[in-house]
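Fold and geometry: a report
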Amino acid sequence: MNQADLSKLVSALRIAVKPKPRRFSCPEGPAGRLEKLRATVTALVKYERIELNHPRAEEAQGYAERLISDAIRNGDCHKHTMEMADYWLNEKQLVHKLFKVLAPRYQNYNSSFTRLVLGPKTYPGYYVGTAILELKGNPFPALQPETHNYHYWLHNVLLEEAKKEFRSARQDRNAGTTESVTAES
Amino acid sequence: MRQLFANRTSSILLQEKCDEADEKSVSKQKPGDESGNTVVVAPPEFRFMYPEFLPDPAMERRNRLKEKLERIDMLQRRSVVEIPEFYTGSVMAVTVADANSPNKFARFVGICIQRGGSGLRAWFILRNVVDKQGVEILYEMYCPLIQKIEVLRLERRLDESLLYLRDALPEYSTFPLDMEPERRLNNSVVPINPLKVKLRPRPWLERWERQNLQGVEDLNLPQRFYDKAEKVAKPWEKYDLMLQYRKTIPAEEQEKIFSDVHSQLQQQEFKRKMRRRRGTDNEQ
């Protein structure tokens, strides 16, 4: 059993974190894995919605969430956070975007900052397909329609009542015809 | 209540492989408690003083109920035996109940070279050189056989793990067995001893040049050792945010755990102080 590392204070992430990290096959080995994820995280911060393979998307989601949560917790004057932002974001204007745009945007969020939506895969699809990784609060139209139960809206109430009336009328009609049939027989 | 105490004896002579030295963590000054809500929050240095209250960060082994029960048991044990604040580099004396010794107690003095474990399995290793023989004993802090833990000198060193003392000159690990507790000049801050230890000539138990040790004097090795260390090093791990995350307990959880625990710990400390004061009054 190990003791928890005390040197850094870390915010809790609001995504499901798997116990073991995924290894990606790269010619450079473990160093290359972080290089690939760096490119993904940079693209996510730059474009705010990217489509990529699911395994890479899941890993990059964790790193992006960590980066944003550190930026919110520590701010840009914190030396370690700035070093991490400098490493993870290949374009330096995105470091400004992280601290000046994304950190204030997600300041009061109680949920995760990113959303991972499964994308299409070719049939029969024995592998995990593509995924769309996006930052919440992005300016694009939503990927998934909002599914809310608006049963209390007036037209839905009226429709429900109309359905009930129709069904009860049909039952009466059926009852009437069977009675007449039995009466005849 | 199920028995959560470890069944192993507290004294085990060790010759184990060592872990990589962790980065040093500096103890901060005690700030005031957070105001606003009625929830009491422990001061931030609690995580350095009582690191064994934090659970094992490995996700597969987390069990909130087990951790809560363990904390209750730990506080119960602490109400019986005083387990003082100590760090790696502090000189301590531990008295253990021993059926085979003539006094029925065995006392050992040594410097704490490593501490680990979480919950009731928290342990620390004391090292001393007795009759020119280096001796290390691993004590489990919550073992019922332990009668007394005294901190003779409370200080910190530049590294979190002093396993290199095994390859250092013996004078750095020698402490007199009848050492008296030293009085601290400044009670609020734990001093960091900037001592740089001199190692014996090679061969060593570990490749110290690969571990970025702060508390060791210049190793004076041929350049090929440092070249190989660079080749084998993993500099990208410093930037691996998810690796760090999986090794730590998040700050919100830490606050929750210590807010549960710190009021009881403070009460225990207060009671002990009153007992001590009453003891001195009675003597007078």
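Because the structure is a prediction, the values reported are computed rather than measured.

This part takes up the confidence of the model for chain B. Residues and elements named next belong to chain B. Residues of chain B with pLDDT of at least 70 account for 85%, and the chain-wide mean is 85. Counting interchain partners and residues more than four positions distant, the pLDDT-below-50 stretch residues 1–37 has 78 contacts. Predicted complex, confidence summary: ipTM 0.80, pTM 0.80.

Enumeration according to the criterion identifies 32 salt bridges over all chains in this entry. Two residues, Lys-18 of chain A and Glu-58 of chain A, come together in a salt bridge whose shortest N-O distance is 2.9 Å. Placement of Lys-18 of chain A in the segment before α1 (30–47) and of Glu-58 of chain A in helix α2 (residues 54–74) is noted, with a sequence separation of 40 residues between them. Several salt bridges converge on common partners, so that one network encompasses Lys-18, Arg-22, Arg-33, Glu-58 and Glu-59 of chain A together with Asp-240 of chain B.

In this section: the interface of chain A and chain B. Of the residues lining the interface, 33 residues belong to chain A; the matching set on chain B comes to 35 residues. Where chain A meets chain B, there are 14 residue pairs in polar contact (both at pLDDT 80 or more). Within the residue set of the side of chain A that touches chain B, elements represented by two or more residues are α1, α2 and α3 (79–88) of chain A. Per element, the largest residue contribution to the side of chain A that touches chain B is six residues, and it comes from α2 of chain A. Of the residues contributing to the side of chain A that touches chain B, the split by class is 18 nonpolar, six polar and nine charged.

For the rest of this paragraph, the subject is the environment of Arg-184 of chain B. Residues and elements named next belong to chain B. With respect to the helices, strands and loops of the structure, Arg-184 is situated in the loop between β6 (146–153) and α3 (223–232). Separated by 30 residues in the primary sequence, Arg-184 and Leu-154 have C-alpha atoms spaced 7.8 Å apart. Look past the residues within four positions of Arg-184 in its chain and what remains in contact with it is Leu-154, Val-189 and Val-190. In this structure the side chain of Arg-184 is engaged in a polar contact, spanning 2.8 Å, whose partner is the backbone oxygen of Asn-187.

Within the secondary structure layout, Arg-246 of chain B lies in helix α4 (residues 241–247). Along the backbone, Arg-246 of chain B and Ile-137 of chain B are 109 residues apart, and their C-alpha atoms lie at a distance of 30 Å. From its side chain, Arg-246 of chain B meets the backbone oxygen of Pro-19 of chain A in a polar contact 3.3 Å long.

Residue and element names in this part refer to chain B. As far as domains go, chain B holds domain 1 (38–83 + 249–279) and domain 2 (85–225). Across the contact, 16 residues belong to domain 1 and 15 residues belong to domain 2. Considering only the side of domain 1, the residues that lose the most area to domain 2 are Glu-52, Arg-77 and Ile-83, jointly responsible for 41% of the buried surface there. Arg-115 is the partner of Glu-52 in a salt bridge, and the nearest nitrogen-oxygen pair spans 3.1 Å. Between the two partners, domain 1 and domain 2, sit eight residue pairs in polar contact (both at pLDDT 80 or more).

Basis of the calculations
Residues numbered from 1 in each chain as written. Chains lettered and ligands numbered in written order. Predicted model: local features only at pLDDT ≥ 70, side-chain atom pairs only at ≥ 80, totals over all residues. Heavy atoms only, no water. pLDDT = per-residue confidence, 0-100. Contact = heavy atoms within 4.5 Å. Salt bridge = Lys/Arg side-chain N within 4 Å of Asp/Glu carboxyl O. Helix = DSSP H or I, 4+ residues; strand = E, 2+ residues; numbered from the N terminus. Polar contact = N/O pair within 3.5 Å; in protein donor to acceptor, adjacent residues only side chain to side chain. Nonpolar A, V, L, I, M, F, W, Y, C, P; charged D, E, K, R; others polar. Domains from an automatic or database assignment. Buried area = accessible area lost by both parts, 1.4 Å probe.

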